[in-house]
Amino acid sequence: RLRNVRGKVRFMRYIYSVDKQYVGFATLPNQVHRKSVKKGFDFTLMVAGESGLGKSTLVNSLFLTDLYKDRKLLNAEERINQTVEITKHTVDIEEKGVKLKLTIVDTPGFGDAVNNNECWKPITDYIDQQFEQYFRDESGLNRKNILDNRVHCCLYFIPPFGHGLRPVDVEFMKALHEKVNIVPLISKADCLTPNEVKKLKDRVRDEIEHFGIKVYQFPECDSDEEEEFKQMDKELKECTPFAVIGSNTVVEARGQRVRGRLYPWGIVEVENQSHCDFVKLRNMLIRSHMHDLKDVTCDVHYENYRAHCIQEMTSKLAQDNRTDSPLPILPLPTPDVETERLIKMKDEELKRMQEMLEKMQQQMHEKDQ
Amino acid sequence: MAATDVDIFSNEEKRNLSLGGHVGFDSLPDQLVSKSVTQGFCFNILCVGETGIGKSTLMNTLFNTMFENEEASHYQNGVYLRPRTYDLQESNVHLKLTIVDTVGFGDQINKEESYKPIVDYIDTQFENYLQEELKIKRSLFNYHDTRIHICLYFIAPTGHSLKSLDLVTMKKLDSKVNIIPIIAKADTISKSELHKFKIKIMSELVSNGVQIYQFPTDDGAVTEINSSMNAHLPFAVVGSVEEVKVGNKAVRARQYPWGVVQVENESHCDFVKLREMLIRVNMEDLREQTHARHYELYRRCKLEEMGFKDTDPDSQPFSLQETYEAKRKEFLGDLQRKEEEMRQMFVNKVKETEGELKEKERELHEKFEQLKRMHQEEKRKVEEKRRELEEEMNAFNRRKVAAETLSLSQPLKKDKDKKN
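Residues numbered from 1 in each chain as written. Chains lettered and ligands numbered in written order. Predicted model: local features only at pLDDT ≥ 70, side-chain atom pairs only at ≥ 80, totals over all residues. Heavy atoms only, no water.

The condition is simple: UniProt positions are given in the numbering used here, feature names are shortened, and annotations may be inferred rather than shown by experiment.
Where an unreviewed UniProt entry is consulted, chain B appears under the name Septin, with the organism given as Cyprinus carpio. Looking at chain B in UniProt, the text filed under Sequence similarities (unreviewed entry) is "Belongs to the TRAFAC class TrmE-Era-EngA-EngB-Septin-like GTPase superfamily. Septin GTPase family."

In the nomenclature of an unreviewed UniProt entry, chain A corresponds to Septin from the organism Cyprinus carpio. The UniProt entry for chain A carries the following text under Subcellular location (unreviewed entry): "Cytoplasm". Quoted verbatim from the Sequence similarities (unreviewed entry) field of UniProt, the annotation for chain A is "Belongs to the TRAFAC class TrmE-Era-EngA-EngB-Septin-like GTPase superfamily. Septin GTPase family."

Observations concerning the overall build of chain A
Counted only if it meets this: Here a strand is any run of E in DSSP of at least two residues, a helix any run of H or I of at least four, and the numbering for each starts at the N terminus. Think of it in three bands: with a 1.4 Å probe and only protein chains considered, a residue is buried below 20% of the maximum accessible area for its type, exposed above 50%, and partly exposed in between. Whether two residues are in contact is decided by their heavy atoms: any pair within 4.5 Å suffices.
Looking only at helices and strands, chain A features nine helices and nine strands. Buried positions account for 50% of the 369 residues belonging to chain A. In chain A, the share of contacts with a sequence separation of at least 24, taken over all contacts with a separation of at least 6, comes to 68%.

Description of the pairing of strand E10 (residues 249-256) of chain B
Residues and elements named next belong to chain B. To be explicit about the condition: For two strands to be treated as a pair, DSSP must find no fewer than two bridges joining them.
Across four bridges, the pairing between strand E9 (residues 243-246) and E10 is antiparallel. Counted as the bridge partner of Lys-245 is Ala-250 from E10. Between the end of E9 and the start of E10, which pair antiparallel, lie two residues, with Gly-247 showing a positive phi angle near 70°. Bridge analysis of E10 against strand E11 (residues 259-262) gives four bridges, and the strand direction is antiparallel.

Some words on the environment of Ile267(A)
Residues and elements named next belong to chain A. Looking at the secondary structure, you find Ile-267 in strand E9 (residues 266-269). Ile-267 gets classed as partly exposed once you look at its relative accessible area, which sits at 28%. A C-alpha to C-alpha distance of 8.3 Å links Ile-267 and Val-251, two positions 16 residues apart in sequence. Apart from the residues within four sequence positions on either side, Ile-267 is in contact with Val-251, Glu-252, Ala-253, Arg-261, Leu-262 and His-275.

Details of the side chain of Lys280(A)
All names here are of chain A. What counts is decided by this rule: The sign given to each residue is positive for Lys and Arg and negative for Asp and Glu; His and the chain ends receive no count. Salt bridge, as used here, is a side-chain nitrogen of Lys or Arg placed within 4 Å of a carboxyl oxygen of Asp or Glu.
Along the chain, the position of Lys-280 falls in helix H7 (residues 278-288). For the buried Lys-280, no salt bridge exists, and the shortest N-O distance to an oppositely charged side chain is 4.2 Å, to Asp-277. The residues touching Lys-280, leaving out its near neighbours within four places in the chain, are Leu-236, Cys-239, Phe-242 and Gln-273.

Overview of the nonpolar core
Stated formally: We define the nonpolar core as a collection of buried residues of types Ala, Val, Leu, Ile, Met, Phe, Trp, Tyr and Cys that are connected through side-chain atoms lying within 4.5 Å of one another.
Judged by nonpolar contacts, the single largest core of 177 residues is most densely connected at Leu155(A), Leu281(A) and Ile180(B). Top element by residues in this core is helix H3 (residues 115-134) of chain B. It accounts for nine residues. In this structure Leu155(A) touches Leu45(A), Met46(A), Val47(A), Ala48(A), Leu58(A), Leu62(A), Val183(A), Leu185(A), Leu281(A) and Leu285(A), once residues within four positions along its chain are discounted.

Re the sheet that holds E9(B)
Residues and elements named next belong to chain B. Our working definition: Fitted lines through C-alpha atoms serve as axes, helices being fitted only where they are in contact, and the angles separating the N-to-C directions of these axes extend from 0 to 180 degrees.
In space, the three strands of this open sheet follow the order E9-E10-E11, with antiparallel pairing throughout. Since the sheet does not close on itself, it has two edges, and those belong to E9 and E11, each with one partner. Sheet twist, expressed as the mean angle between neighbouring strand axes with direction ignored, is 65°.

Let's talk about the pattern of salt bridges
In total, this model carries 53 salt bridges over all chains according to the counting rule given. In this structure, Lys234(A) engages Glu238(A) in a salt bridge whose closest nitrogen and oxygen atoms are separated by 3.8 Å. Residue Lys234(A) and its partner Glu238(A) are located together in helix H6 (residues 227-238), separated by four residues, close to a single helical turn. Among the ionic pairs, Arg82(B) bridges to Asp101(B), the shortest N-O distance being 3.4 Å. Of this pair, Arg82(B) sits in strand E4 (residues 80-90) while Asp101(B) sits in strand E5 (residues 93-103), and the two are 19 residues apart along the sequence. One exposure class covers both Arg82(B) and Asp101(B), and it is buried. Three or more residues are tied together by salt bridges with common partners; here these are Arg143(A), Glu133(B), Glu296(B) and Arg299(B).

Quick look at the environment of Leu28(B)
One can find Leu28(B) in helix H1 (residues 28-39). Of the residues examined, Leu28(B) reaches a relative accessible area of 1% and is grouped as buried. With 185 residues separating them along the chain, Leu28(B) and Tyr213(B) place their C-alpha atoms 30 Å apart. Residues within four places of Leu28(B) in sequence aside, it is in contact with Phe41(A), Leu100(A), Met290(A) and His291(A).

Given below as structure tokens:
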């Protein structure tokens, strides 16, 4: 089992210590753990990319289940004027007592039409809608049962057939990078040799930087982490964007039953790290960074949306544009320059007069003597 | 061409799916715990009780630390709250502990207002959090939470019942904070007296509708221990930081001529139970209740007070923010007017002072002129006198010269006479 990303949580058992100094609040992590298991977790994952890049297959592979039973695929003619839809699948899954409400948001039709101008708009609208709903709920009087439908992560599928990012990829990611955590993936990587994979990854990484696209960044390792862990972290970061392969079928390979794709020339194993980065993706997305993805969504993307929203509303009303305006105590507006100058002038005049007075008093004093 | 309206299809019935293998999200609680540990925890305790009843000693005993505090005097004018924050660490867990003491509680002759500073303090912490929450640019994840998570109410060991002040105060506090009542200095009550005392206290609380904190009994692992502890309330505690040798160990205890009361002996007092419940089992629940229940209640009341209505699904999507903005504009207007007034006043004051100073200056000039004239006058007089003197001197000199010449020419005249 992959070690927890932070590595340093040594799970505290209930210790009745003979140490007199032991107070007991070291059990707080236990208490938090217990409560979180009782409450359960939720996660919303969005997958985006053109049809046929293996999105659904990858989701099934990631969660080892079949979310897409009985779906209908459109043919080319039907897709000419294809509109982008947003579909949501919510499932409750449980593992070792931990409950997860998983929502997969699909974007069928993205990039499929002949004219794909602004085809990401329905997607950005959807994300904004979820933010708006949450903002509304959070501002209400009764906040007992707020549902969090905000999108925590967006897997963007880049086709492996080209030489890097295409305009639609760039435009999409730029439209979304400040609204959601984007994890770009090179899909159907079983059509690329290892060299080709490396070249494509380097190319995509350069282009992402060149176009100023802010993809999801793994948080920095703590300096006191173990070396082995730091090494793993470094490898993970240098491996992005992950080149993935998914499969809905189980095949027999090397004496085991594994998820894979059977070709005349061999068997591609999804979970074989020398075949593709699927395992790295799964580890990152689910086993180590799932909570961080949620945190970044809440603390960064949502806060940006909220601040932007409030500022828009208040720009019509407010005369000063302070970014911190708690109520009810409001900061005074700064006095204007003119008044300040006058005050300063008067001050100096007063000072001068006082000095003159003092001098005269002294003179008289001397004369009297 | 992309569509402008979004059709959202969702499968309404959530399905429970079985997984074909180990996915790995069972690490989610660990991920959460890891983040919490990195952030650190904070916990705020409010101790309410008479001066000298043992609040500071109990805190020292609970946390095995000598928190600095001097004895409080009985002669305070009123009740005031004294918060002190400490950074503690145990294993890899960092705890920012704030202990708030109620100094002077119970000492005044008229105690009608005694509860007020306590309620105000609790409300102020809620208010601060609310303000942070309403900011445009907020950072809630690293906000130092000062809201009170638990109020330990110290009951004097009279053995009879609650005091009137106790009842009044707890009634004022029960909707704002988690209260755990404890019987202080319990080494003055015998076992049978204690049993009756506890029953009396609990029945008084119940019959007066005071809501004290119940240890949660819906939480799987700790249901049993919590429900059994609920039956032992209020906890009868004894605190001590001094160690006494019992057998071959040194334990924290109070030594009397008739015996040794051991703090951590469960047959002597309920200290261990209190520590267990407060710190080792329910600390997180206390924090959660404070946030999810007491704070939400405060927030709702405060916002309703300020004129916010709940959001209608159809109209007024951002009633909170709009109303807030309208009020803010009003407030700003008022503020600007006040500022103008103040500015005007200031300008007037300056003019006044300026006038006064000019007046004084003029006076001084006049005086100066006067003195100068006087001086001139004197000088003139002196000059005159000097001239007179000079004249006199000159006259004198002339006369002297004349006299001398006369005396010189006199003998000549005699000779002349003789010749004739």
